[in-house]
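Analysis of the macromolecular model
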Amino acid sequence: MDEDSQENRLFSAFERHDEFVAAQNTLLAADLFVEPSREEEDVELHCSRKLIVIFGEYQEQSYLLDPYLESLVSPVAECLRRYAMACVNARGAQSSRSRVERLADLLHNYIKFRGYKTITRFFPHEVSDLSIALDFIRLPSGLVKDPSQWGLRYAVLLWLSLICRIPFDLQKFDDTTRSGETANAIELVGKDRLNMAGLEREGAATLLARFYARKDTKQQFSSFVEWSITVFRSSNIILSIGVLQVLCELMKSGSSEQLQAFTQQFLEITDTLEQSAPLASNTLVRKYRTKLLSRVALRLMPPNIFRSKLTFRSLDGDIKNEALKRNVDDGDDDIDVPEEIDTILESLFKSLQDKDTVVRWSAAKGIARLSERLPSDFSSQVLETILGLFSIHSVAGASVYDTPAIAEATWHGASLASAEMARRGLVQTAALGSLLGWLSKALYFDIRKGAHSIGSNVRDAAAYVIWALARAQDPESFSPYARELAQWLVSVALFDREIHIRRAASAAFQEHVGRMALFPHGIDVLRKTDFYAVSVRRNAFIVAAPQVAEHLEYRSYLIDHIISITLRHWDVAMRELGAQALRRICELDLKILGLECASKMAGFLDSVDVSDVHGALAALTGISEAYRAQESEENASNRQKIFAFIAIVSKDVVMSPRNGLVLAAACDLIASSLTLQEVELQEKSSVPHWKRIIDQGLRHRSSSVQQAAAAAIAATSSLIDCSPDSLQQSLGYTLGVLNYNVHPHGFSEVVKCLLDSVDSNVRFFPDHHECTASPHRMFVFLFYVRRIMYGVLDALDSGLDDYTMDERGDVGSWVRMACIEGLASIFEDLFRVSGNIPEFANYLPAQRYHSVIARILRQGVERLDNVRQTAGHCLLRLFRIPLPTVPHQEEWRIKGSELIMKLFLTDASGTITSWSVGEWLFPKAVELLRVQEYRQSLLTGLIHSVGARTGSTHRPASSSLVSFAQGLPLLAGDSGYSLSELCDDLIECAQGRTTSNAVVVPILQTFNMLLEADVLSRLSSVDNGPSKLERLLNIATRNVQRLKNVQRVQESMKIVVNLLVVSSVSKSSSERIIDFLSHPYPKIRTSTAEYLYTFIQSRDLGWEADEAVDELLLETEWSSESMEVKVAATRISELLSCTITE
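Residues numbered from 1 in each chain as written. Predicted model: local features only at pLDDT ≥ 70, side-chain atom pairs only at ≥ 80, totals over all residues. Heavy atoms only, no water.

Attention now moves to the overall build of the protein chain. Counting secondary structure elements, the protein chain contains 58 helices and 6 strands. A buried classification covers 54% of the 1142 residues belonging to the protein chain. A fraction of 72% describes how many contacts in the protein chain between residues 6 or more apart in sequence connect residues 24 or more apart. A total of about 51,000 Å² of accessible surface is found on the protein chain, and carbon and sulfur atoms cover 50% of it. (Helix = DSSP H or I, 4+ residues; strand = E, 2+ residues; numbered from the N terminus. Buried < 20%, exposed > 50% of the residue type's maximum accessible area, 1.4 Å probe, protein only. Contact = heavy atoms within 4.5 Å. Areas by Shrake-Rupley, 256 points an atom, 1.4 Å probe, with all protein chains shown as cover.)

So this is what it looks like as structure tokens:
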């Protein structure tokens, strides 16, 4: 099962229970006081990793382990208990660090997996365990004091916290002379670890909270509160966070009688925290301060028994209340609200505007929980105050986009608080309209800030509010707002930039459809905008939006949303997708919607915001294309009207070199809306400067703008004769799209211009890629002029050798791919019209054809995946085309066609897509070396792949070539290829280009690979085999002292060393070792010594190396420049030579 499917898998039960128990039992069976052997360590590490993997698999469905938790956790906790008891009874005993750490990690993983409250229930909790746990964690030495064993101390602290909950008198453990000793010890253990960051502090806070919650520790708690105030005044952040954790946990679980006596002290603490600048600047301090305030208020206000609590909705849509509403008001009158509540609420409202989300979230929950206990009038005032937060940074009449960025925190806090209030049914019908009014703005809160935007958390919280309202409000109160709310949610679910916002809006829509049944076409729209439909942004815009727009209730709102928001978005991709979505929606009723939307978009063309102009032009282009797709006289007239809108755009804006997006969009609009009438009007056209816009686009430095301008030229060329001036960089784009069928004059000059642009001796045109790609687009004319045909073939053929490199990488690959596609297209067209071409063999000689096929095949096995993909696709296209209808047509049949069909065409579904996958391609491609006509080119490509730095190319190419060579006979036989011929071909490739490191280095790497696999050692047994290996040795060592390419020298060194095992050349190799051990470069000397030593130790040489060689290799300082290095190198060479001779 692959990784993705494993992550997305849903389990129905704990299927790996037995495997988990077996691995855990292996760990628990180990003796914690004995160091494991290496084998035991490996087994236990394997088991530990397996347990972690299983925990990870079930993390999202942790509840599946609940039935087994007691049987799983209890043995682990008992093992910890036994270990603690042994350490206490035998102090100073040495234990295994690794085994104890694995035990603690296992407990920590359980706690992380299911939570400490669930897991600690299965810890030992007898009264006698108190002394064991307490004495163990107080040991003066041992692993419990090791800083790295935090997991062990965390588990023991949680264990102690559980024991503290047992209702027994702590004084029973004290000596008669020292009363309170045990309680003081527990308190000291907790306090000491409050100053430690991490889980130890969490465990200590839990321990102290449980300790102070006991009835016999009231005096200690009073002292702790006084000590806490001194800690906060000292501004110790780490310790202050720990103390706040204790107080927050205690306020949650302690008794009301005990805590209400300290209310004033707690409020004093919160004031101290607010006044201390170092503490107030810490996020965790502010979070715990907010929690503390909330819980103090909850202690002051008892639960409101008169408050009607909402339960599950019945199938008929009614909400069942636990109390009759008529009793609520009467009960509210009897509730007294302490004065402190006002102060606390004021502070919580302030926290609701905090800069950190965790603080705002804590404040929102605290306000809602407190409001649940307040009288109805009071809770209504709280909601009014929350809604008032939205207006703090708002200006009357301004849109949400005019809101300052500082408002993000306020709006988010107000939305969270509103959601928590709504969840608890605290939003009254009278306030619903005001709340929804603000939510309609919060759903679109997206403010540009630098290179990004803020507000996604506000939009997410707004969707959460609407989701919560569906679960608490009754349908009657929602019916006046249902239609608008449905439109808001659908527009956000379809057109928001962020995936989680689209999903949140979809979930809120689903909740309302299921519970309220008020939304128009709710079920149908929900099906089109479900979780999966809106997960992919393009699908949401292009597919789901037009489907929803089929319903008239949503269509106009979606169009308005696209025009007013999406097409003005700061993200270019959003504007482009919005334009496509608008086109799809307009196509539903193009006659009515087309010009209506175009007129609205024209209003943005004179905007000072470039984003507005670009979005409007992109939308107009989409509408114009829709008109062109439904060609009619009326639609042509509408296109002309849209074309006229270009004049609204300021010339300064569209012509500015910095506004490439606007210029490209303007060119696209011209291409889609230009009509013959506008062209014939020339200077009287509604847009007199449209030609200048295209001209500026052709001159622009951006290739995307050039392509847009070329498209405009193509559209113009279909209407009139275009003879543009030569523009350097965009020449290829322009000449490649002209319509030569309608206007054939000047064709020869165009081809000559393009051929000159790719001539290696002409450096006039910088963009050779498009100039190379253009000739094959206009091939239909070429066969009439044989000389031009030869020139085009020569240009495209020479382009296969373009390996230009710059800071972007192998930019020559663009040219090679364009040439491959061009040659394939020309061959296809030539074969198709071959019957009409006299003397076809003179146009395309069979030898020339097979030469090009071989060179394309070379590209099909080279190092770049995209080049291989293009070459493979084109080769298979050529293989499938019918042979030319000329005499002796078999001469043009691809050589080895039966072998190619067997290798590449047995599975038609995978042939095109698999050439980029090295593991699939290279085992098949090496078999084509048996085809003599393509062998040399194919071998050159394979050599480059063997030398590639990318593992996905290098590994399969190397292993495939080695496997192929191992299966070759020594001499030529029935197979048509032999190992001897392979060696000759490789040597010939190297000898032809000895000065080119780019060629020689991959060949040397290929030889090394074959030598390391003991493939070439067989050549010693044939007559001319030793001479071939001597030629290889000469190539590797020629002028090696003067070579400056380190990689080439190292590969040469490896060949010399690897040849030591070949008996016929081992002596010659030993004599050449000195050239590398005494090389001028220290790096070469060092790597040679290391490689030679490793080689001697790991390979069966067929002779026994002298021990002095090993000593010299290890003891000589090869990086030094002393004479000792040359002496050692000479001595090693002599010793090896003598040993081999003997």
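There's plenty left to go through after this.
Between its first and last C-alpha atoms helix 8 (residues 150-163) spans 20 Å; for 14 residues at 1.5 Å apiece the expected length is 20 Å, and the two agree. Most of helix 8 sits out of view: 13 of its 14 residues are buried. (Expected span 1.5 Å × (residues − 1).)

Let us look at the side chain of Asn1008. With respect to the helices and strands, the residue Asn1008 is situated in helix 52 (residues 997-1012). Excluding its chain neighbours within four sequence positions, the residues that come into contact with Asn1008 are Glu1051, Lys1054, Ile1055 and Asn1058.

Once that is clear, we can look at the nonpolar core. Among the nonpolar cores identified, the biggest contains 238 residues, and Phe136, Phe221, Phe266, Leu469 and Phe509 are the most heavily contacted of them. Counting residues in hydrophobic clusters, the runner-up holds 118 residues, among them Val833, Leu938, Ala965 and Ile1003. (Core = buried A, V, L, I, M, F, W, Y, C linked by side-chain atoms within 4.5 Å.)

Further remarks concern the layout of surface pockets. A volume near 1,100 Å³ is recorded for the largest pocket. Taken together, 38 residues line the largest pocket, and the ones lying closest to its centre are Arg863, His944, Gly947, Ala998 and Pro1002. Put simply, the parts of the chain that give the lining of the largest pocket at least two residues each are helix 49 (932-946), helix 50 (951-966), helix 51 (979-992), helix 52 and helix 54 (1046-1058). Per-class residue counts for the lining of the largest pocket are 13 nonpolar, 15 polar and 10 charged. (1 Å grid on protein atoms, 1.4 Å probe; cavity = no way out; pocket = protein on both sides within 12 Å on 5 of 7 lines; lining within 4 Å. Points joined across faces, edges and corners; volume = space filled by probe spheres on them. Nonpolar A, V, L, I, M, F, W, Y, C, P; charged D, E, K, R; others polar.)

Attention now moves to empty space enclosed by the protein. Enumeration according to the criterion identifies 5 cavities of 30 Å³ or more in this entry. Quantified by volume, the largest cavity comes out at close to 120 Å³. In this structure, the largest cavity is lined by 14 residues; those nearest its centre are Asp446, Arg459, Phe495, Asp496 and Ile565. Across the lining of the largest cavity, the residue classes tally to 7 nonpolar, 3 polar and 4 charged. Its volume calculated, the second largest cavity comes out at about 100 Å³. Lining of the second largest cavity is provided by Ile853, Leu857, Leu875, Leu876, Phe879, Ile894, Ile900, Phe904, Trp915, Leu928 and Tyr934. Only helix 45 (846-859), helix 46 (865-880) and helix 47 (897-904) provide two or more residues apiece to the lining of the second largest cavity. Ranked by residues supplied to the lining of the second largest cavity, first place goes to helix 46 with 3 residues. Its residues placed into classes, the lining of the second largest cavity shows 11 nonpolar, no polar and no charged.

End to end, helix 5 (residues 97-114) covers 26 Å across 18 residues, agreeing with the expected 26 Å (1.5 Å per residue, within 8%). In terms of burial, helix 5 is largely enclosed, as 13 of its 18 residues are buried. Immediately downstream of helix 5, the backbone of Gly115 shows phi near 95°, a positive value.

In this structure's numbering, the residues bearing the UniProt feature "repeat: HEAT" (unreviewed entry) are residues 344-381. Across residues 344-381 one finds 82% helix and 0% strand; the C-alpha atoms that close the span lie 15 Å apart. (UniProt positions renumbered as here; feature names shortened; annotations may be inferred.)

Time to look at the environment of Leu844. Within the fold, Leu844 resides in the loop between helix 44 (840-843) and helix 45. Once the C-alpha coordinates of Leu844 and Met789 are considered, the two residues, 55 residues apart in sequence, prove to be 9.1 Å apart. Each residue touching Leu844, except ones within four places of it in the same chain, is listed here: Leu793, Phe827, Leu830, Phe831, Tyr849 and Trp892.

Right, let's talk about the packing of aromatic side chains for a bit. The final tally for this structure, using the stated rule, is 33 aromatic pairs. Taking the centre distance of 5.3 Å and the plane angle of 40° together, the rings of Phe33 and Tyr83 count as tilted. Of this pair, Phe33 sits in the loop between helix 2 (17-28) and helix 3 (38-57) while Tyr83 is found in helix 4 (residues 69-89), placing the two residues 50 residues apart along the sequence. We classify Tyr83 as buried; its relative accessible area is 3%. Seen in terms of ring centroids, Phe224 and Trp227 are 5.6 Å apart; in terms of plane orientation they differ by 45°. Their pairing is tilted. Of this pair, Phe224 and Trp227 both sit in helix 11 (residues 218-234), 3 residues apart, which is roughly one turn of the helix. Residue class for Phe224 comes out buried when judged on its relative accessible area of 0%. Trp227 gets classed as partly exposed once you look at its relative accessible area, which sits at 25%. Each residue in the set Phe11, Phe14, Phe20, Phe55, Tyr58, Tyr68, Tyr110 and Phe113 is aromatic and connected to the rest through ring pairs, giving one cluster. In this arrangement the basic side chain of Arg214 is found over the ring face of Phe168, its NZ or CZ atom lying 5.1 Å from the centre. Over the aromatic face of Tyr288 sits the side chain of Lys287, whose NZ or CZ is 5.4 Å from the ring centroid. (Phe/Tyr/Trp six-rings, centres within 6.5 Å; stacked < 30°, edge-to-face > 60°. Lys NZ or Arg CZ within 6 Å of the ring centre and 35° of its normal.)

Next up on the list: unusual backbone geometry. The backbone of Ala517 sits at a positive phi, close to 60°, despite the residue not being glycine. The residue Ala517 is located in the loop between helix 26 (499-515) and helix 27 (522-528) in this model. Residues other than glycine seldom take positive phi values, yet His888 does so here, at roughly 55°. Within the secondary structure, His888 is located in the loop between helix 46 and helix 47. Of the residues examined, His888 reaches a relative accessible area of 62% and is grouped as exposed.

Attention now goes to the pattern of salt bridges. A side chain with one charge can pair with a side chain of the opposite charge if their charged atoms come near. Taken as a whole and assessed by the stated rule, the structure comprises 50 salt bridges. A salt bridge links Glu828 to Arg877; the shortest N-O distance between them is 2.7 Å. Residue Glu828 is found in helix 43 (residues 812-832), and its partner Arg877 is found in helix 46; the two are separated by 49 residues along the sequence. Accessibility expressed as a relative area gives 23% for Glu828, which makes it partly exposed. A salt bridge links Glu862 to Arg858; the shortest N-O distance between them is 2.9 Å. One exposure class covers both Glu862 and Arg858, and it is buried. (Salt bridge = Lys/Arg side-chain N within 4 Å of Asp/Glu carboxyl O.)

Looking at the element boundaries, Gln889 is found in the loop between helix 46 and helix 47. Among the residues examined, Gln889 registers a relative accessible area of 31% and is labelled partly exposed. Measuring from C-alpha to C-alpha, the distance between Gln889 and Ala841 comes to 9.7 Å, with 48 residues separating the pair along the chain. In contact with Gln889, not counting residues within four places along its chain, are Leu883 and Pro884.

This part takes up a negative patch on the surface. On the surface, a cluster of negative charge is contributed by Asp1106, Glu1107, Glu1111 and Glu1115. Mapped onto the elements, Glu1115 comes out in helix 57 (residues 1107-1115). Take Glu1115: its relative accessible area is 63%, and that puts it in the exposed class. (Patch = residues over 30% accessible without salt bridge, like charges linked within 9 Å, V, L, I, M, F, W, Y side chains within 5 Å. Lys, Arg positive; Asp, Glu negative; His and termini not counted. Charge placed at Lys NZ, Arg CZ, Asp CG, Glu CD.)

Examined against the element boundaries, Thr953 turns out to sit in helix 50. The class of Thr953 is buried, set by a relative accessible area of 0%. Reaching out from Thr953, the side chain makes a polar contact with the side chain of Arg868 at a distance of 3.5 Å. Leave out the neighbours within four places in its chain, and Thr953 touches Glu862, Arg863, Asp865, Arg868, Phe922, Ser945 and Ala948. (Polar contact = N/O pair within 3.5 Å; in protein donor to acceptor, adjacent residues only side chain to side chain.)

Here the focus is the confidence of the model for the protein chain. Of all residues in the protein chain, 88% attain a pLDDT of 70 or more, and the chain-wide mean is 83. Of all secondary-structure elements in the protein chain, the lowest mean pLDDT belongs to helix 1 (residues 3-7), at 43, while helix 28 (residues 537-549) reaches the highest, 95. Long-range and interchain partners of residues 1-7, a stretch whose pLDDT sits below 50, account for 4 contacts in this model, where long-range means more than four residues apart. (pLDDT = per-residue confidence, 0-100.)

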